[in-house]
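Spelled out, the chains give:
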Amino acid sequence: MINFPLWYSMRLVWFILFAFSSLPFISAGQVKSVTISGHVVDKVSKVSIPFVNVVLKTEKDSSFVTGTVTSDEGRFLISNIKPGGYYLELSFVGYLTRKKPLFVGSLTEYLDESTIEMSEDTRVLKEVVIQGQQDAVSEKLEKKVFSVADNISQSGGSIIQAMQNLPGVTVQDGKVLLRGNDKVAVLIDGKQTALTGFGSQSGLDNLPASAIEKIEIINNPSAKYDANGNAGIINIIYKKNRQEGFNGKAGFGLGAGALWVRQENLPSIRPQYQITPKINPSLSLNYRKNKINAFLQGDYLYTETLNKNEFVTRNYGDTAIINQQTKRNRNTAFTTLKAGIDWNIDNSNTLTISGLFGSEKIIDNGDEPFFNGKTGERLRLWQFLEDELKTTVMATAAYQHKFKEVGRLLNIGFNYTFHREDERYNFNNILSASSSLDAFKLISDESVYDFNVDYIRPLRYGRLETGVKLRNREIPTNMLFIPGPQTVLDVNAGGQATYKEVIPAIYGNYVYESTKIEAEVGLRYEYVRIDYLVNPNHPTYKSSGYDYSQPFPNVRLAYKISDQSKLSVFFNRRVDRPNEVDIRVFPKYDDAEIIKVGNPSLRPQFTNAVELGYKTSWPKGYVYAAAFHRFAEGTITRIASTVPPSTLIYAIFQNAGKSYNTGFEVVLNQEVSSRYSFNLNFSGYHNQINAFTVVNLYPQTNTFSTAQQEIFSGNVKLNNMLHLSGGVDVQITAIYLAPDIIPQGKIAQRFTIDAGAKKTIQKGKGEIFVNATDLLNSLVIKKDVVGQSFKYTSTDYYETQVVRIGYNYKF
């Protein structure tokens, strides 16, 4: 890995930005054609209007010249217009058609119409119901955008449940994988937060989907995004209304899971959860008048879940075979509140102040019996109670200045996040002749300060984006072990530790567009300093840290084959830094025989990725195809090993060396008729981790080696949408997940079918829905894991089948 001097790299970045910004001043010769730009907004709310039809006609006889539609940001660009007299005609459903005279002269090559306002057509607004959906794949092919409201079969659940139906996404062990890779950065409204994790993703299985407007999956992020997350970015967009006056939406959902016993318990343990309730009320309020827009979004999700019901057979060579069950009954209460004010100071300046509060209460009651696989004798019973409260508070201030030139923006933002993790784990270790009550308590307080400045300048054939960001993050952690009379705890491994992170970054991104060619070239430069301060009395680990300064380039080149077809090629370089929990030095029981512990020697994983994408559209459908290849250095993975004569398995993160992820993805979307449409997604990928050898320090120094692991895997998803009479919409989703590799093992194939229906009532203001997940109760997780002195197979009959019903009302 090459470390560039900080001063040299900063000079390099500024040179590139200067070169980009100088491009528009290069002489272009005599003016033969003109490029026209503009920004279309609602006359009252001043909010941008996307997908407006913009047609250029001659002033003389109103003959058609050319046309386009506005972008997601309400902007349009019309090129190659000869000097003369014209007028623009703008039209969009629910708005009065607007005609604007336009004279195109010969003294300038760039004509900016600035802001064009459109007025609502009050005669038809209340009667219009818009059917159909925007293409999920963006015009640049770098991301996919999905509306949560369209995912009928997962309404009323968590955000991770809503994601599992999306193309290119799989869910495994409570984490989201993009194209078979879990190194995903999760954002909320474009920002990293402790609610979903600053490093490794978290909280998605409990965050209510009712709070979310849409989900963006960004496989090829540009330089304006933080460099972490080699698999890509998932951006969760919260609901926010901007209509004039007072309005809102209220909803309530009920559900039940674990409708019957899929696999009976082993003897002598407490019952597993059945008929588990789910409750999800939500409320969204918005008030807009004059220059002020105030908003409030509140959601509550309470669930009882059979979170785990895993049956395991462990084989320790010729010495022992152990049969085990891990049954975990979980109660979760998740509350989120988001509120804020948008202040339109004037036509050029806007200030937004907002706050977010999240509270996640988790109580786990579990039993783990262990039986001799040969004699059937119970060897041990481990019963536990885990009580965890996670509290998140976030405050954000965002200022935007619009220059006179349309599209030229300055954004300044400050974001503060506080996150507390308060956990107590009590367990009773019951042996044949004795028992011991033990416990540990963990408190972790995370404080994060983010400051950013972003500048966007439109150019003659594109735009320049540049900015700086500074992050300061600190996490003091305290682990207290409370041993019983015959404790199994390593009481000397507790104490305090503090994680400190400082990251200044600068980026530049240049976007160029002509009639046939698109190009986006960016460079992000980050300096990272990590310090991990460990209790000096810790028996194994000492304080450590690292720093690096690295460039992260991105390139996108596209060729417009026609108005309907485009070919794009991408390159980007990204990093995955170890999160604090990955290096946390305190041993923690994952179950009675598996102890997780961090590794302060863990270092970042750097990944380079290339991708070729193609999209072609027709009047009622499109197909998107992509081929990709990623190669990583310092691959971060969790190692499971034993230290004989003990049979305890220690799970420790390590840098495994090189790994590769190569594959393809295809999305086919088709409206067959006004009654039926479908979306078919299938992807395949080859994952490979080269052979490696590492040294584990805990609980004592030991060496671990493994051979090369590889597999070809993938998934197929078919979403069927039916539009029936009486305003009823039905969704049926089928998902097949092929076998895949996991650390030191494989996970077997999985299959599930979900279904849902919704009906619009009360003249479009109300909506009722009903859905069911895993209709056939077929989703079972089977794993095979092999270590140096053990192997185990497991089958998890956790809760997957849930039935929900709900009601939403707009006012």
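Residues numbered from 1 in each chain as written. Predicted model: local features only at pLDDT ≥ 70, side-chain atom pairs only at ≥ 80, totals over all residues. Heavy atoms only, no water.

J.: Help me out: how do you make sense of unusual backbone geometry in this one?
T.: Both trends apply: most residues other than glycine have a negative phi, and most peptide bonds are in trans. For the peptide bond that leads from Pro644 to Pro645, omega is 10°, which places it in the cis range. With respect to the secondary-structure elements, Pro645 resides in the loop between strand 32 (636–642) and strand 33 (649–655). Cis geometry marks the peptide bond from Tyr698 to Pro699; its omega dihedral reads -5°. Structurally, Pro699 is set in the loop between strand 36 (692–696) and strand 37 (702–706). We note that Gln744 has phi near 65°; this positive angle belongs to a residue other than glycine. Along the chain, the position of Gln744 falls in the loop between strand 40 (740–742) and strand 41 (745–747). Its relative accessible area of 8% is what places Gln744 among the buried residues. (Helix = DSSP H or I, 4+ residues; strand = E, 2+ residues; numbered from the N terminus. Buried < 20%, exposed > 50% of the residue type's maximum accessible area, 1.4 Å probe, protein only.)

J.: How should I be thinking about the confidence of the model for the chain in this particular structure?
T.: The predicted coordinates ought not to be read in detail in places where the model reports low pLDDT. Here the chain shows a mean pLDDT of 88. Residues at 70 or above account for 92%. Every residue in residues 1–10 scores below 50 in pLDDT, and together they form 18 contacts with partners more than four places removed in sequence or on other chains. Predicted confidence for residues 15–30 stays below pLDDT 50, and this span has 18 contacts to residues more than four positions away or in other chains. (pLDDT = per-residue confidence, 0-100. Contact = heavy atoms within 4.5 Å.)

J.: What exactly am I supposed to notice about the pattern of salt bridges here?
T.: Scanning the model with the defined rule gives 42 salt bridges in all. Glu89 is paired through a salt bridge with Lys99; the nearest N and O atoms lie 4.0 Å apart. With Glu89 in strand 5 (residues 84–91) and Lys99 in strand 6 (residues 98–104), this residue pair connects regions lying ten residues apart in the sequence. Assessed through its relative accessible area of 17%, Glu89 is described here as buried. (Salt bridge = Lys/Arg side-chain N within 4 Å of Asp/Glu carboxyl O.)

J.: Sorry, what's going on with the sheet that holds strand 8 (residues 143–147) here?
T.: The strands making up a sheet associate through hydrogen bonds between their backbones, and the pairing can be parallel or antiparallel. Strand order in the open sheet made by the five strands is 8-13-14-11-12, with mixed pairing throughout. Since the sheet does not close on itself, it has two edges, and those belong to strand 8 and strand 12 (191–192), each with one partner. The pairing of strand 11 (residues 184–188) with strand 14 (residues 232–238) spans five bridges and is classified as parallel. Within strand 14, the position partnered with Val186 by the bridge is Ile234. (Pairing = 2+ DSSP bridges.)

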